[in-house]
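Listed below are the residues making up each chain.
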Amino acid sequence: PRIATSLITRCANDGDWRRAEEVFFATEAVGVEHNTYTYSALINAYARGRQLGHALELFRRMKAAGVTANVVTYSTLITACEKTGQWERALETFAVMTEAGVVANLTTFNSLISACEKGAQWEQALEVHTWMLRQGLVPDVYTFSALISACEKGGQWELALQLYKRMQDAGVEANVVTYSALISACAKGGQPAKAEIVFDLMRAKGVEPNTTTYNAMICAWDKGGRLDRALVALSEMQAARLQPDTITYSSLISACEKAGELQMALRLFAQMMDQGVPANSITYSSLLEVAGASGEQEKAVQIYDWAFSAGLYAN
RNA sequence: UGAAAUAAUAACCCCGU
């Protein structure tokens, strides 16, 4: 079973859930007796492959075979629910786990909060947070980052900032993910000035912004109608030797719409192509919107052709 | 070298409020 677990885990990490499954059944056919570890490993492979149905089916098979599900098994199942956007199922799984007398740990709760966050259930995420406190568990940076992200998705930027304060009071050190989530929360709330304060604060704390951080900041300037500041952020990012990606350019192009800057949008697109950054359907849609907002029909048709040539079809 | 390693970023549309 140990060798089977290693092999299954390797397949899971490669994102190949079919091979993981093959290994599981092939080893079983050869007489390997699967246990909690092997079952959990395959459930994890299914989770990573977004195969919730298979994961739940295997879980039933596991119980039928008399193999004990432990905290890792349940946490992995919760992660499978999270990855497929099934927050209700995640909560159900948690309830089943509790009924079975299995005690949740920090990872279990963090996964559950993440499931609520992905399902845009910020209130539920905060509720789960109170459950974990009641269990005497100490929230870590993952907990707070997931909670802040949940607030971001729920449009609760003030709450996100409050959570950051609570995090500091608790002595939990915020990292680049936490700060990026905070900036994103401010961006979504239409608070670019607040986002900038957070951005400056993180640097003052010695946390280096990465591409995601800059992208969130550029999004904030876009939402605030500040193309000028978004462009400044791009040059800062390049000065920091961070490679702008598809999201960076798509956000910048989007920021050109409100400013009616089709020329700038086209320049950014050219720069993007020049640097070998792949454009996707969102990039082209954004570009089309800029052209549309500028009333440039011929240009819009041309952009549509570019997208088509790039193998992207209208949706 | 047996299992969960759990957290962050883009446009539009839709849906609700």
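Everything here concerns the structure above.
What comes next concerns the included structure. (Residues numbered from 1 in each chain as written. Chains lettered and ligands numbered in written order. Predicted model: local features only at pLDDT ≥ 70, side-chain atom pairs only at ≥ 80, totals over all residues. Heavy atoms only, no water.)

**Looking at the nonpolar core**
Grouped together as the largest cluster of nonpolar side chains are 102 residues, with contacts concentrated most on Leu42, Tyr179, Leu182, Ile183 and Leu268. Residues contacting Leu182, with those up to four places away along its chain left out, are Ile148, Ala160, Leu161, Tyr164 and Val198. (Core = buried A, V, L, I, M, F, W, Y, C linked by side-chain atoms within 4.5 Å. Buried < 20%, exposed > 50% of the residue type's maximum accessible area, 1.4 Å probe, protein only. Contact = heavy atoms within 4.5 Å.)

**Examining the protein's contact with RNA strand B**
Neighbouring RNA strand B are 51 residues, the closest being Thr5, Asn70, Asn215, Lys223 and Glu289. The sugar-phosphate backbone supplies 45% of the atoms of RNA strand B found within 4 Å of the protein. In this structure, a base oxygen belonging to RNA strand B sits 2.7 Å away from a side-chain N or O atom of Asn215. The separation between a sugar or linking oxygen of RNA strand B and a polar side-chain atom of Ser251 is 3.4 Å. Its residues assigned to classes, the surface near RNA strand B shows 12 nonpolar, 30 polar and 9 charged. (Near = heavy atom within 4 Å. Polar contact = N/O pair within 3.5 Å; in protein donor to acceptor, adjacent residues only side chain to side chain. Nonpolar A, V, L, I, M, F, W, Y, C, P; charged D, E, K, R; others polar.)

**Observations concerning the packing of aromatic side chains**
Taken as a whole, this structure holds 10 aromatic pairs when the rule is applied. A centroid spacing of 5.5 Å and a plane angle of 70 degrees characterise the contact between Phe59 and Tyr74, whose relative ring orientation is edge-to-face. With Phe59 in helix α4 (residues 52–64) and Tyr74 in helix α5 (residues 71–83), the pair connects residues that are 15 residues apart, well separated along the chain. Note on Phe59: relative accessible area 7%, which makes it buried. Aromatic ring contacts, followed pair by pair, group Phe24, Phe25 and Tyr39 into a single cluster. (Phe/Tyr/Trp six-rings, centres within 6.5 Å; stacked < 30°, edge-to-face > 60°. Helix = DSSP H or I, 4+ residues; strand = E, 2+ residues; numbered from the N terminus.)

**A few points about helix α2 (residues 17–29)**
Taking 1.5 Å of rise per residue, 13 residues should cover 18 Å, and α2 covers 18 Å from first to last C-alpha, within 8% of that figure. Those residues of α2 that fall on the buried side of the exposure criterion are Trp17, Ala20, Val23, Phe24 and Thr27. One side of α2 holds all its buried residues, which, seen down the axis, span an arc of 115 degrees. Along α2, exposed side chains directed more than 90 degrees from the buried face belong to Arg18, Glu22 and Ala29. Summarising the contacts, the buried residues of α2 are in contact with α1 (2–13), α3 (36–48) and α4. Remark: Gly31 follows α2 within two positions and exhibits a positive phi of approximately 105 degrees. (Expected span 1.5 Å × (residues − 1). Arc of directions from axis to C-beta.)

**Observations concerning helix α6 (residues 87–99)**
The terminal C-alpha atoms of α6 lie 18 Å apart, and with 13 residues this matches the ideal 18 Å at 1.5 Å per residue to within 8%. Along α6, the residues that are buried comprise Trp87, Ala90, Leu91, Thr93, Phe94 and Met97. For α6, the angular spread of the buried residues around the axis is 155 degrees, confining them to a single face. In the core, the buried residues of α6 are packed alongside α5, α7 (106–118) and α8 (122–134). Downstream of α6 by one or two residues, Gly101 has phi in the positive range, about 80 degrees.

**Remarks on the pattern of salt bridges**
For the structure shown, the criterion picks out 10 salt bridges. Here Lys188 and Glu152 are joined by a salt bridge, their closest N and O atoms 2.6 Å apart. Linking Lys188 in helix α11 (residues 176–188) with Glu152 in helix α9 (residues 141–153), this pair joins segments that are 36 residues apart in sequence. When its relative accessible area of 45% is taken as the criterion, Lys188 is described as partly exposed. (Salt bridge = Lys/Arg side-chain N within 4 Å of Asp/Glu carboxyl O.)

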